[in-house]
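One-letter residues, chain by chain:
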Amino acid sequence: MRMRRRRSRAALALVTAAVLGAAGCDSGGGASSAAHSRSGTATKAKPSPTPVWDRSPSSVAAVGDSITRGFDACTVLSDCPEVSWATGTESSVDSLAVRLLGRTGAAERSWNYAETGARMADLPAQITQAVAHGPQLVTVMMGANDACRASASAMTSVADFRTGFETSLKSLRRALPKTQVYVASVPNLKRLWSQGRTNPLGRAVWQLGICPSMLADADALDSAATERRDAVQDRVEAYNKVLEQVCATDVRCRFDDNAVYDYRFDTDQLSHWDWFHPSKDGQAKLAAMAYRRITAPEPVT
């Protein structure tokens with residue numbers, strides 16, 4: 001009886017070992033299939049997530065106002081889009097489009113729908129034109145003309161400015177969900193007045209109607225003139241805050257963190273026709289600022 005029990009226990013042990021051995025080894029004597037299955041999910045290479053921000057877009061559309069049209073950079077009171085910071089072709093500027101796409105690519109896959117004199121209310125129509133090309137990047141520089149009105153009281157309200165920008169960004173996003181947006185801040189208009197007010201030619205051109213809310217009576221330093229210029233400056237700063245806040249609601253939008261507003265344009269970077277708009281050198285500086293922020297792994301601050 002004891003012998004039979006010993007034999008039974010021995011047989012059971014052999015069967016158990018055989019079962020465990022079969023479960024624990026594959027046909028080649030390697031690691032168990034269960035272990036392989038468990039480790040397979042851990043060791044299998046996972047695809048890297050696609051970055052939300054593409055640092056090398058393959059097409060560019062520009063919207064905005066006279067600055068993006070290169071106004072007064074080549075001849076007096078005229079557009080000169082070939083020197084535009086965003087899409088220009090002149091080598092001295094080295095525009096954003098040329099830096100991103102190369103000279104041939106910029107000629108074929110960049111479009112400029114900015115308009116001299118445009119205000120934020122005009123941006124939705126410009127966006128509609130731009131999205132027809134399906135650009136991977138849209139640049140926006142808008143707001144100077146909303147502050148540059150016949151008088152400080154005629155400036156676009158902050159609420160209307162916000163509505164115009166929100167409407168434009170939503171329209172772009174509905175049409176092109178993955179298109180990226182670079183938003184440049186409104187320049188420091190009071191600093192531009194300070195730079196150009198000592199130049200007789202600049203003052204003469206200003207009298208033709210360039211940004212009267214800031215530039216009218218350029219030599220006046222009385223309290224009324226000072227209050228008027230301060231009101232314009234406050235409105236520009238409020239516009240920039242709107243651009244920053246609205247852009248922050250969209251993961252594919254980058255604001256320039258007030259780089260344009262903070263930049264100290266000197267006489268080399270200002271048009272020698274009006275001492276207010278960027279010269280060719282000023283356009284090149286704008287292009288460099290934009291390129292640095294668009295190609296940065298993270299937003300530049």
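Residues numbered from 1 in each chain as written. Predicted model: local features only at pLDDT ≥ 70, side-chain atom pairs only at ≥ 80, totals over all residues. Heavy atoms only, no water.

Student: What am I meant to see in the overall build of the chain here?
Tutor: When its secondary structure is counted, the chain shows 12 helices and five strands. Here the chain holds 301 residues, and the buried ones make up 46% of them. Of the contacts made within the chain by residues no fewer than 6 positions apart, 71% connect residues no fewer than 24 positions apart. For the chain, the exposed surface amounts to about 14,900 Å²; the carbon and sulfur share of it is 54%. (Helix = DSSP H or I, 4+ residues; strand = E, 2+ residues; numbered from the N terminus. Buried < 20%, exposed > 50% of the residue type's maximum accessible area, 1.4 Å probe, protein only. Contact = heavy atoms within 4.5 Å. Areas by Shrake-Rupley, 256 points an atom, 1.4 Å probe, with all protein chains shown as cover.)

Student: It is not clear to me how the layout of surface pockets should be interpreted in this structure. Could you clarify?
Tutor: Gaps between atoms show up when a probe of the same size as a water molecule is rolled over them. Considered as a void within the structure, the largest pocket measures approximately 300 Å³ in volume. Lining of the largest pocket is provided by 24 residues; of these, Ser 66, Asn 145, Ile 210, Phe 276 and His 277 occupy positions nearest its centre. Counting residues per element, the ones that place at least two in the lining of the largest pocket are helix H5 (144–147) and helix H7 (189–196). For the lining of the largest pocket, the class distribution of residues is 18 nonpolar, six polar and no charged. Along the wall of the second largest pocket there are 13 residues; nearest its centre are Trp 53, Val 251, Arg 254, Pro 297 and Pro 299. Broken down by element, the lining of the second largest pocket gets its largest block of residues, three residues, from strand S5 (residues 253–255). Across the lining of the second largest pocket, the residue classes tally to 10 nonpolar, no polar and three charged. (1 Å grid on protein atoms, 1.4 Å probe; cavity = no way out; pocket = protein on both sides within 12 Å on 5 of 7 lines; lining within 4 Å. Points joined across faces, edges and corners; volume = space filled by probe spheres on them. Nonpolar A, V, L, I, M, F, W, Y, C, P; charged D, E, K, R; others polar.)

Student: So what exactly am I meant to see when it comes to the packing of aromatic side chains here?
Tutor: In the structure shown here, the tally under the stated rule is three aromatic pairs. Where Trp 85 meets Tyr 182, the ring centres are 6.2 Å apart and the plane angle is 65 degrees; that geometry is what we call edge-to-face. Here Trp 85 is found in the loop between strand S1 (60–64) and helix H3 (96–109), whereas its partner Tyr 182 is found in strand S4 (residues 180–183), with 97 residues between them in sequence. Where Tyr 263 meets Phe 265, the ring centres are 4.8 Å apart and the plane angle is 80 degrees; that geometry is what we call edge-to-face. We classify Phe 265 as buried; its relative accessible area is 5%. (Phe/Tyr/Trp six-rings, centres within 6.5 Å; stacked < 30°, edge-to-face > 60°.)

Student: What exactly am I supposed to notice about the nonpolar core here?
Tutor: The tendency in soluble globular proteins is for nonpolar side chains to be buried as a group. Counting residues in each nonpolar core, the largest one holds 67 residues, and the members touching the most others are Trp 85, Val 183, Leu 189 and Phe 276. The element contributing the most residues to this core is helix H10 (residues 223–247), with seven residues. (Core = buried A, V, L, I, M, F, W, Y, C linked by side-chain atoms within 4.5 Å.)

Student: Is there a simple way to think about helix H6 (residues 158–175) in this case?
Tutor: Helical geometry: 3.6 residues make up each α-helical turn, so side chains three or four residues apart lie on a common side. The first and last C-alpha atoms of H6 sit 26 Å apart over 18 residues, in line with the 26 Å expected at 1.5 Å per residue. For H6, every residue scored as buried is listed here: Phe 161, Gly 164, Phe 165, Ser 168, Leu 169, Leu 172 and Arg 173. For H6, the angular spread of buried residues about the axis comes to 160 degrees, placing them on one side. Exposed and facing more than 90 degrees away from the buried side of H6 are Ala 159, Asp 160, Lys 170 and Arg 174. Looking at the buried side of H6, the elements it contacts are helix H4 (123–131), strand S3 (137–141), H5, S4 and H10. (Expected span 1.5 Å × (residues − 1). Arc of directions from axis to C-beta.)

Student: Would you mind showing me how to read unusual backbone geometry here?
Tutor: Generally, phi is negative for residues other than glycine and the peptide bonds are trans, each holding for most cases. One non-glycine residue, Asp 94, lies in the positive phi region at around 55 degrees. With respect to the element layout, Asp 94 can be found in the loop between S1 and H3. A relative accessible area of 30% places Asp 94 in the partly exposed class. In this structure, Asn 258 takes a positive phi of about 65 degrees despite not being glycine. Turning to its location among the elements, Asn 258 is positioned in the loop between S5 and helix H11 (259–262).

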